[in-house]
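Given next are the chains, with one letter for each unit.
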Amino acid sequence: MKLFNFASVLSLLSWEVLSQQQWPLHDNGLNKVVQWDHYSHIINGQRLFIWSGEMHYWRIPVPELWRDILEKVKAAGFNTVSFYANWGYHSPKEGTVDFESSTRNFERLFDIAKEIGLYILFRPGPYVNAEASAGGFPGWLTTGAYGTLRNNDTRYTKAWTPYMTAITKIIAKHQVTNGGNVFIFQIENEYGNQWKSIATKTPNYPAIDYMELLEANARENGIDVPLIHNNPNMNSKSWSKDFSNEGGNVDIYAADHYPSCWSCDLSECTGTNGAVPEFTTYDIYYTSFQSVAPTQPSFLAEFQGGSYNPWGGPEGGCVNTTGPDWVNVFYRHNIAQKISAMNIYMIFGGTNWGGLPMPMIATSYDYSAPISEARTLGDKYHETKLFGMFIRAARDLTKVDRINNNTAYASTTAIFTTELRNPDTNGAFYVTAHTLSPSKDLTPFRLNVSTSEGAFSIPQYAKDIVLNGRESKIIITDFGVGSQKIVYSTAEVLAVSVQDGLPLVVLWLPAGQSGEFFLTGVKRGSVSKGDGCSDIDFKQVEGGIIAFYTQLNGSAVIEFDNHFRFMLVDRSTAYYTWMPSLSADPYTPENSTIIVQGPYLIRKASISGKMLAITGDWSMATEVEIFAPTSVERVSFNGASLSVRRTSHGSLVGRLAAPGHSVASIQAKLPALNKWRVNDGLPERRVSYDDSRWTIANHNSTQNPTKPATYPVLYTDEYGYHTGNLLFRGRFEGSGATGVHLALIGGVNSGWSAYLNGIHLGSYTGSSTLTNTSLDLSFSNATVNSNSTNILFIIQDNMGHDQTSGATNPRGIYNATLIGGGKFTSWKITGNAGGEENIDPIRGAYNEGGLHAERLGWHLSNFDDSAWSSGSPETGLATDGANFYRTVVPLDLPRGMDIALGFVLSSPAGSKLRAQLYVNGYQFGKYIPHIGNQIVFPVFPGILNYHGDNTIGLSVWAQEGTGASVTVEWTVIGAVESAFDLGFDSTYLRPGWVDRSAYY
């Protein structure tokens, strides 16, 4: 019913005051292509709510797959994609940068984004964090020779300048000012260091100088779009021109937040987020942005899209922590906080292959993201898409004032409402949620709203609005569609598509709930299709018609006498409702879109004459319903003609037959992994081993801030070995020693084993909390030679470099002291073949460590293992040591299918082992069952050869005398018939074996 209440009067008064506020329009003084104000970003004269998703090209090392990810990003309603670079990925050695080899040439990302219609936020570093080893710093930078890093130290400046200069020049070519799609450029990352004291605004000049050096480098090398920086949280208040006139400020302030923790281990976030109940939203963004950057858009440059999974986290990650219900509530909450730019970290996580990760996390970087590590889509993706499609349709959201927020709007105090209103159009958004965000209650309510037709308590005729547990709804008022307005709707807006000059509005509700909307300028409504709703009725009122109904599974279509159509769908139908654009404009004009319902994914659409060409994926027999201009009479799907018929409600309906292959049928035809060959993987432990080509460790001083307890320096980064397993051989004379004290630094979860004259002394099997680990090992079970040289051999599993200020923490031996007398006379060390020389530029410096098999290239295709014995990793080792296993298996997977494969590794309970999986030369799995829980290892097509031979390698290192075994099995993670062609030639990604005897 129409009403006038005190809350509505206060709301209107508040709005009148706010709408009179005049905010300055900013640009960077170089051009006006990208502008911004208090409300939002303006690109080429158009306001845009920046809805971005993060992906890392270096975590999916198959460039041909980048299109697949970006098409899925676009299909989910995003208008922007964000990329971190990784300095270490591009710079294996000081003075070298590689932007040409394989995935290091990332320029095709710009071309794809331009083609499909995505703006780009680029974040080159030099430090990126990203749970990458050393936060993306190259290993050679971590020795201490370049200072403590991330400051104005001239040694550090000289180190980063070649990389930042080179990458910036590449990015500059693709800016919107040059006809490309890069609209914004980030300086550094989560570096909230502008102040020694925020309270007194005491400047931190080394940090300020550092930021100014980076900003100057960007401008000197052609960056003329706005510069941003992402503060690590709401507390650091750094680099905002609104907050201070201090140096180092960027054009646009931004901040990050992970309200439900960036890790599956929630204890990691207590210091930042506090000890709060799970599913707690934070009412801090609005206040923070208004105090720190009031004349700028409220920009969350990283907002939680999932969580990384630490080694001890659950297999598969903590998907439920940030599942579909979380997406529904937390993203809408950001709207209530007046956020107008948001980058979801991550939209696609990818894989920590090789030595990419920091010590805390394992191979998977799935991140519980909307697009899984295996590139599959699930409910979280679809719920994200519902939000993204709403953002696209809700143009008024790009300029809103926050009018009020309280429990007085609703008929129950269990519901908290925030009102946002556009000062130009009067369009408003009422964000409703449970007052206590963790609530799982089912709460019906009515809502008091103020509209151009008066104040109402809605719904007026339908059943109450319902929030069913962890759910939020955005109720729109005065929402423009064509020449008319939706005065209000209790169902949420999914999409608006303009076809033949007339709008088609899609509204959605959970099945079983009731909806009601008021459309102006019409006198009659009729039901064109009623299958998906019941009790559809109309009430003519002054100014238009109110339609009300109960939503069922499926869809219904209502048409009004002005030929406006409304499609009413439930959540499950909305999940598979797609709105591809016929335009490459990231703004996605409403008249450039069609609507397609049914398939697993719709990638692209184009119209030529009477023919509509659609590309997409499907996983089962699927009815396809298409809403397109009436000129369309014929349809093709993935290039094949799709037989369609015209319906009475104006759509075209066809049917896609079931794919000829399924997950189960593909799994059944995969070749058995049962023809393995085996060789000794740790000959270095033997006295007779020839280490003459190893590096002599002879440094008697170090610039590393962590000075070793014994010398020579046995920190491997100082000798050019930065990644993976590290090997040491120390010599001493005489028989006086009775044992050895060893302390090694390898990062949390690292482990090591020690041998004297070929006899196993013991192992440190790993700790999730200790990075510096030590043991006193007795020589009682070994023979100490009195008349010849004794050799102590140590193998260490280096888990990567620590992040932030810990990047210079060393890797290697901290203390090696003989017990009972004697001293080491010499030490030799080795690591990955060639050290910093990057002898395999396709796979790059992170792929390999110092295992014997890696140094000799046993993991590569075409290596001759004919002299090896037959042996299976399932049989494994009966005692300590290491074996390397190889097998070659042919694949010939069905064409026309997008198939996601992986491997499942398992071992007997209680096993203390460290295993690494290699696929065609790429290390794509690190398996440590007593430390972590990951057992499924997806492998991308292109790394796997889907139509040819595949070399699978497995190193198994038994850390205890009981031995170790590992079972390796295939798994088919997903399979859909697809427009995405996996038949690309990826041979160049899999270079084969070449002689590596020089690294023996």
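Everything numeric here is computed off the predicted structure, so don't read it as measured data.

Draft legend 1. Examining the overall build of the chain more closely. Helix and strand counts for the chain come out as 13 helices and 58 strands. Radius of gyration (C-alpha) of the chain: 30 Å, near the 30 Å computed for a compact globule of 1000 residues. If you line up the chain on its principal axes, its C-alpha atoms span 110 × 70 × 50 Å. Relative to its 1000 residues, the chain shows a buried fraction of 65%. Counting contacts in the chain only where the partners sit at least 6 residues apart, residues at least 24 apart contribute 73% of the total. When the accessible surface of the chain is totalled, it reaches about 32400 Å², and 50% of it is carbon and sulfur. In the chain, the 72 positive side-chain charges and the 90 negative ones have mean positions that sit 2 Å from each other.

Draft legend 2. Structural view of empty space enclosed by the protein. Summed over the entire model, instances satisfying the criterion amount to nine cavities of 30 Å³ or more. Of the volumes computed, that of the largest cavity is approximately 200 Å³. What lines the largest cavity is a set of 26 residues, and nearest its centre among them are G354, G355, P357, N798 and K926. When grouped by side-chain class, the residues that make up the lining of the largest cavity number eight nonpolar, 15 polar and three charged. Approximately 150 Å³ is the volume attributed to the second largest cavity. Around the second largest cavity, the lining is made up of 17 residues, and of these P92, G139, H722, T723 and A845 lie nearest the centre.

Draft legend 3. Region of interest: the sheet that holds strand β4 (residues 50-55). Read around the barrel, eight strands follow the order β4-β5-β6-β7-β10-β11-β12-β13 and close on themselves; strand pairing throughout is parallel. On average, each strand axis in the sheet is inclined to that of its neighbour by 25°, with strand direction left out of account. Both β4 and strand β5 (residues 80-84) contribute to a ladder of four bridges, which runs parallel. Bridge pairing in β5 links M55 to F83. Sitting on the sheet, helix α9 (residues 324-336) is in contact with β4, β12 (299-304) and β13 (341-345), with an inclination near 165° to β12.

Draft legend 4. Spotlight on the pattern of salt bridges. Tallying each qualifying case throughout the model produces 41 salt bridges. Where E302 meets R123, a salt bridge forms, and the shortest distance between an N and an O atom there is 3.0 Å. With E302 in strand β12 and R123 in strand β6 (residues 119-123), this pair connects stretches of sequence that are 179 residues apart. Of the two residues, E302 and R123, neither departs from the other in class, the shared state being buried. Close ionic contact of E960 with K912 constitutes a salt bridge, the shortest N to O distance being 4.0 Å. Placement of the pair is E960 in the loop between β57 (947-958) and β58 (967-978) and K912 in the loop between β53 (897-906) and β54 (913-919), with a sequence separation of 48 residues. Residue E960 is classed as partly exposed on the basis of its relative accessible area, which comes to 30%. Linked through salt bridges whose partners overlap, the residues forming this network are R67, D68, E71, K72, E115, R375, R603, D617 and D898.

Draft legend 5. Just the sheet that holds strand β32 (residues 595-597), in detail. Strand order in the open sheet formed by five strands is β31-β32-β35-β39-β38, with antiparallel pairing between adjacent strands. Of all the strands in the sheet, just β31 (577-578) and β38 (644-646) have a single pairing partner and so form its edges. Note that β32 and strand β35 (residues 622-627) share three bridges and pair antiparallel. Of the residues in β35, the one forming a bridge with Q597 is E625.

Draft legend 6. Structural context of helix α2 (residues 66-75). With respect to burial, α2 is a largely interior element, nine of its ten residues being buried. For α2, the set of buried residues is W66, D68, I69, L70, E71, K72, V73, K74 and A75. Positioned one or two residues after α2, G77 has a phi angle of 95°, which is positive.

Draft legend 7. Highlighting the confidence of the model for the chain. Overall, the predicted model of the chain reaches an average pLDDT of 96, with 98% of residues at or above 70. Under a pLDDT of 50 for its full length, residues 1-7 has, in the predicted model, 14 contacts with residues more than four places off or in other chains.

Draft legend 8. Seen up close, the packing of aromatic side chains. This model, assessed by the stated rule, comprises 66 aromatic pairs. Seen from their ring centres, W326 and F330 are 4.4 Å apart, and the 10° between their planes marks the pair as stacked. One end of the pair, W326, and the other, F330, are both in helix α9, four residues apart, so they sit about a helical turn from each other. As far as burial versus exposure is concerned, W326 and F330 are alike and both buried. Relative to F863, the ring of W858 has its centre 6.2 Å away and its plane inclined at 40°; by these criteria the two rings are tilted. Here W858 matches F863 in class, with each residue buried.

Draft legend 9. Expanded view of the nonpolar core. The biggest cluster of nonpolar side chains holds 221 residues, and the ones touching the most others in it are F106, F429, F479, F517, L901 and F903. With nine residues, helix α5 (residues 154-172) is the largest single contributor of residues to this core. When residues no more than four places from it in sequence are discounted, the contact partners of F106 are Y57, W66, H90, F99, F122, I167 and I170. Core analysis: the next-biggest nonpolar cluster, separate from the first, contains 31 residues, A697, V713, L726 and L792 among them.

Draft legend 10. Looking closely at the state of the cysteines. Overall, the coordinates contain two disulfides when judged by the stated rule. Between the sulfur atoms of C261 and its disulfide mate C269 the distance is 2.0 Å. The sign of the 75° torsion about the S-S bond sets the C261-C269 disulfide as right-handed. Across the disulfide, C264 is cross-linked to C318 (sulfur-sulfur distance 2.1 Å). Residues C264 and C318 are joined through a disulfide that is left-handed, its torsion about the S-S bond being -85°.

Draft legend 11. Expanded view of the side chain of S340. Relative to the assigned elements, S340 resides in the loop between α9 and β13. For S340, a relative accessible area of 2% gives the class buried. Setting aside chain neighbours within four positions, we find S340 in contact with Y39, S40, L48, F49, I50, P297 and S298.

Draft legend 12. Fine view of the layout of surface pockets. There is about 630 Å³ of room inside the largest pocket. If you trace the largest pocket, you find 32 residues lining it, with N129, E131, E190, W262 and T804 closest to the centre. Considering only residue class, the lining of the largest pocket consists of 15 nonpolar, ten polar and seven charged. Considering only enclosed or pocket space, the second largest pocket measures out at about 530 Å³ in volume. Breaking the lining of the second largest pocket down by element, the ones donating at least two residues are α10 (379-393) and β56 (936-939). A per-class count over the lining of the second largest pocket returns 16 nonpolar, 13 polar and five charged.

Draft legend 13. Quick peek at the pairing of strand β7 (residues 182-186). The element β7 is extensively covered by neighbouring structure, given that five of its five residues are classed as buried. Sheet analysis places β6 next to β7, joined by three bridges and oriented parallel. For F122, the partnering residue across the bridge sits in β7 and is F185. One ladder, built from two bridges, connects β7 with strand β10 (residues 227-231); its direction is parallel. Among the inter-strand pairings, Q186 is bridged to a residue of β10, identified as I228.

Reading guide: rules and limits
Residues numbered from 1 in each chain as written. Predicted model: local features only at pLDDT ≥ 70, side-chain atom pairs only at ≥ 80, totals over all residues. Heavy atoms only, no water. Helix = DSSP H or I, 4+ residues; strand = E, 2+ residues; numbered from the N terminus. Rg over C-alpha atoms; globule rule 2.2 N^0.38 Å. Buried < 20%, exposed > 50% of the residue type's maximum accessible area, 1.4 Å probe, protein only. Contact = heavy atoms within 4.5 Å. Areas by Shrake-Rupley, 256 points an atom, 1.4 Å probe, with all protein chains shown as cover. Lys, Arg positive; Asp, Glu negative; His and termini not counted. Charge placed at Lys NZ, Arg CZ, Asp CG, Glu CD. 1 Å grid on protein atoms, 1.4 Å probe; cavity = no way out; pocket = protein on both sides within 12 Å on 5 of 7 lines; lining within 4 Å. Points joined across faces, edges and corners; volume = space filled by probe spheres on them. Nonpolar A, V, L, I, M, F, W, Y, C, P; charged D, E, K, R; others polar. Pairing = 2+ DSSP bridges. Axes fitted to C-alpha atoms, helices over the stretch in contact; angles between N-to-C directions. Salt bridge = Lys/Arg side-chain N within 4 Å of Asp/Glu carboxyl O. pLDDT = per-residue confidence, 0-100. Phe/Tyr/Trp six-rings, centres within 6.5 Å; stacked < 30°, edge-to-face > 60°. Core = buried A, V, L, I, M, F, W, Y, C linked by side-chain atoms within 4.5 Å. Disulfide = S-S within 2.5 Å.

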